Amino acid sequence: QVQLVESGGGLVQAGGSLILSCAASGRTFSSYAMGWFRQAPGKEREFVAAISWSGGNTYYAHSVKGRFTISRDNAKNTVYLQMNSLKPEDTAIYYCAADRIKDYSDYADPFEYEYWGQGTQVTVSS
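As the structure is a computational prediction, the values presented were derived from the model and not from experiment.

## Focus on the overall build of the chain
Then, in step 1: Check the secondary structure of the chain and you find zero helices and 11 strands.
Then, in step 2: Reading the secondary structure of the chain in the N-to-C direction produces β-β-β-β-β-β-β-β-β-β-β.
Then, in step 3: Relative to a compact globule of 126 residues, whose C-alpha radius of gyration would be 14 Å, the chain shows 13 Å and is just as compact.
Then, in step 4: Each of the 126 residues in the chain was classed as buried or not, and the buried ones make up 43%.

## Observations concerning the environment of Val12
Then, in step 1: Inspection of the secondary structure assignment puts Val12 in strand β2 (residues 10-13).
Then, in step 2: Here the alpha-carbon distance between Val12 and Pro88, two residues 76 residues apart in the chain, equals 9.4 Å.
Then, in step 3: Ignoring anything within four residues of it in the chain, the contact list for Val12 reads Ser17, Leu18, Leu86, Thr123, Val124 and Ser125.

## Quick look at the pattern of salt bridges
Then, in step 1: Enumeration according to the criterion identifies three salt bridges in this entry.
Then, in step 2: For Arg38, the salt bridge identified is with Glu46, shortest N-O distance 2.5 Å.
Then, in step 3: Judged by relative accessible area, which is 6%, Arg38 ranks as buried.
Then, in step 4: A relative accessible area of 35% means that Glu46 is categorised as partly exposed.
Then, in step 5: In this structure, a network of salt bridges that share partners links the residues Arg38, Glu46, Arg67 and Asp90.

## Topic: the nonpolar core
Then, in step 1: Leu4, Met34, Trp36, Leu81, Met83 and Tyr94 are the most contacted members of the largest nonpolar core, which has 38 residues in total.
Then, in step 2: Those elements giving two or more residues to this core turn out to be β3 (18-24), β4 (33-39), β5 (46-51), β7 (68-73), β8 (78-83), β9 (92-99) and β11 (120-125).
Then, in step 3: Not counting residues within four places of it along the chain, the set of residues in contact with Leu4 comprises Cys22, Ala23, Ala24, Met34, Cys96, Ala97, Ala98, Tyr115, Trp116, Gly117 and Gln118.

## Looking at the sheet that holds β8
Then, in step 1: Read across the open sheet, the four strands follow the order β1-β3-β8-β7; overall the sheet is antiparallel. On the outer flanks of this sheet lie β1 (4-7) and β7, each paired with one strand and no other. Taking the axes of each pair of neighbouring strands and ignoring which way they run, one obtains an average angle of 15° across the sheet.
Then, in step 2: With four bridges connecting them, β1 and β3 associate as antiparallel partners. What sits directly across from Leu4, in β3, is Ala24.

Conventions and cut-offs
- Residues numbered from 1 in each chain as written.
- Predicted model: local features only at pLDDT ≥ 70, side-chain atom pairs only at ≥ 80, totals over all residues.
- Heavy atoms only, no water.
- Helix = DSSP H or I, 4+ residues; strand = E, 2+ residues; numbered from the N terminus.
- Rg over C-alpha atoms; globule rule 2.2 N^0.38 Å.
- Buried < 20%, exposed > 50% of the residue type's maximum accessible area, 1.4 Å probe, protein only.
- Contact = heavy atoms within 4.5 Å.
- Salt bridge = Lys/Arg side-chain N within 4 Å of Asp/Glu carboxyl O.
- Core = buried A, V, L, I, M, F, W, Y, C linked by side-chain atoms within 4.5 Å.
- Pairing = 2+ DSSP bridges.
- Axes fitted to C-alpha atoms, helices over the stretch in contact; angles between N-to-C directions.

Below is the structure:
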């Protein structure tokens with residue numbers, strides 16, 4: 001069982017930066033792949049970024065590649081999403097997710113993740 005709590009969302013102007021954090025409970029955090037997803041009003045939940053259990057492999061949606069960076073600190077049971085050069089279209093609720101995913105091709109599929117946080121709102125003004 002893993003419980004996830006996101007933090008760090010807020011209101012920022014276009015071009016600005018935010019760092020989201022996702023704190024996980026449980027002693028097996030280091031065995032889970034972690035993902036960030038987002039959902040804007042009226043839209044489906046979409047993949048943003050993912051990181052393997054060791055942190056050695058990262059994956060990004062095309063729309064955020066080069067602007068966002070995912071990282072993790074297994075000693076602190078925390079995964080981060082550094083978001084730079086934010087755009088109004090990045091406005092959404094951001095969720096972190098966890099599961100023991102072994103095939104990297106599944107990292108972007110929300111149905112592969114069993115554990116989800118409650119989400120944190122990110123709003124980017126133009």
